[in-house]
Amino acid sequence: MIVLGLDPGTAIVGWGILDTGARHSAHTAKCLAYGVITTDKTMSDSQRLVAIAKGLESLIDTYKPELASVEKLFFSNNQTTAMVVSQARGVLLYVLERSGVPMLEFTPQEIKQALTGYGRADKQQMQKMVQMLLKLPEIPKPDDAADAVAIALIGAQTYRAPRN
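If you're wondering where the values come from, they're calculated on a predicted model, not measured in any experiment.

## Concerning the packing of helix α4 (residues 123-133) against helix α5 (residues 143-158)
No. 1: Following both chains from N to C, one finds α4 and α5 inclined at 60°, their axes separated by 10 Å at the closest point. Classified by the angle their axes make, α4 and α5 are oblique. Helix-helix and strand crossings are classified by hand; for α4 and α5 the assignment is left-handed. Listed contacts from α5 to Lys123, Met126, Gln127, Val130 and Leu133 of α4 are Asp143, Ala146, Asp147, Val149, Ala150 and Leu153.
No. 2: Counted by class, the contact of α4 with α5 contains 7 nonpolar, 1 polar and 3 charged residues.

## Examining the pattern of salt bridges
No. 1: As enumerated under the stated definition, the model contains 3 salt bridges in all.
No. 2: The salt bridge involving glutamate 105 is made with arginine 89; its shortest N-O contact spans 2.0 Å. With glutamate 105 in strand β5 (residues 103-106) and arginine 89 in helix α2 (residues 79-99), the pair connects residues that are 16 residues apart, well separated along the chain.
No. 3: On the basis of relative accessible area, arginine 89 is assigned to the buried category, the value being 12%.

## Quick notes on unusual backbone geometry
No. 1: Looking along the chain, the bond that leaves lysine 141 and enters proline 142 is cis, with omega of -5°.
No. 2: Topologically, proline 142 is positioned in the loop between α4 and α5.
No. 3: Despite not being glycine, lysine 64 shows a phi value in the positive range, around 50°.
No. 4: Relative to the helices and strands, lysine 64 resides in the loop between α1 (45-63) and β4 (67-71).
No. 5: Despite not being glycine, lysine 135 shows a phi value in the positive range, around 55°.
No. 6: Within the element layout of this structure, lysine 135 appears in the loop between α4 and α5.

## Brief notes about the packing of aromatic side chains
No. 1: Counted according to the given criterion, the structure contains 1 aromatic pair.
No. 2: Taking the centre distance of 6.0 Å and the plane angle of 40° together, the rings of tryptophan 15 and tyrosine 63 count as tilted. Of this pair, tryptophan 15 sits in strand β2 (residues 12-19) while tyrosine 63 sits in helix α1, and the two are 48 residues apart along the sequence.
No. 3: When its relative accessible area of 10% is taken as the criterion, tryptophan 15 is described as buried.

## Concerning the environment of leucine 92
No. 1: If you trace the backbone, leucine 92 turns up in helix α2.
No. 2: For the pair formed by leucine 92 and glycine 9, sequence separation is 83 residues and the distance between their alpha carbons is 9.9 Å.
No. 3: Beyond its immediate stretch of four places on either side in the chain, leucine 92 contacts Leu6, Pro8, Val13, Ile52 and Leu56.

## Points about the nonpolar core
No. 1: Among the nonpolar cores identified, the biggest contains 23 residues, and Leu4, Leu6, Trp15, Leu56 and Leu96 are the most heavily contacted of them.
No. 2: Elements supplying a minimum of two residues to this core: β1 (2-7), β2, β3 (30-38), α1, β4 and α2.
No. 3: Not counting residues up to four positions away in its chain, the partners in contact with leucine 56 are Leu4, Leu6, Ile37, Leu92, Val95 and Leu96.
No. 4: Membership of the second largest hydrophobic core comes to 22 residues, among which are Val3, Leu18, Phe106 and Ile151.

What counts and how
Residues numbered from 1 in each chain as written. Predicted model: local features only at pLDDT ≥ 70, side-chain atom pairs only at ≥ 80, totals over all residues. Heavy atoms only, no water. Axes fitted to C-alpha atoms, helices over the stretch in contact; angles between N-to-C directions. Helix = DSSP H or I, 4+ residues; strand = E, 2+ residues; numbered from the N terminus. Parallel < 35°, antiparallel > 145°, perpendicular 65-115°, else oblique. Left-handed = near helix turned anticlockwise from the far one by under 90°. Contact = heavy atoms within 4.5 Å. Nonpolar A, V, L, I, M, F, W, Y, C, P; charged D, E, K, R; others polar. Salt bridge = Lys/Arg side-chain N within 4 Å of Asp/Glu carboxyl O. Buried < 20%, exposed > 50% of the residue type's maximum accessible area, 1.4 Å probe, protein only. Phe/Tyr/Trp six-rings, centres within 6.5 Å; stacked < 30°, edge-to-face > 60°. Core = buried A, V, L, I, M, F, W, Y, C linked by side-chain atoms within 4.5 Å.

Spelled out as structure tokens, the structure:
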């Protein structure tokens, strides 16, 4: 199964693609690719959202994910940032839904808990676990891509295919 992980943002959307193999197990997952969708700060908000949508559509066309795993937003301080990032997250959810890609959503704490066993793990602990579990030669860069790979991994671990 091909799993797409997404770390929402307005300037940068992190993404990671995993292949869980024929056994559909996160324990056998292979990282196929990772990266970021970036938008220019000189763009208007609406232009940025269109760029994010086009970037995600391109990823879906290229990798044909069977599942997407998206980080839920959690902001306690900066409501302005939360509003802008939630717009970008909404575009991601819309494109996934329109493309027919089933999705799971996780809070940052759920991702940390599932990956490291500790809901308050720091970024370095998360990145090391991603590197170790996927047997990567180095930690994915930038941080947004590493976060997206972690999100994909948790989606792969959590997903249970519907039974017919």
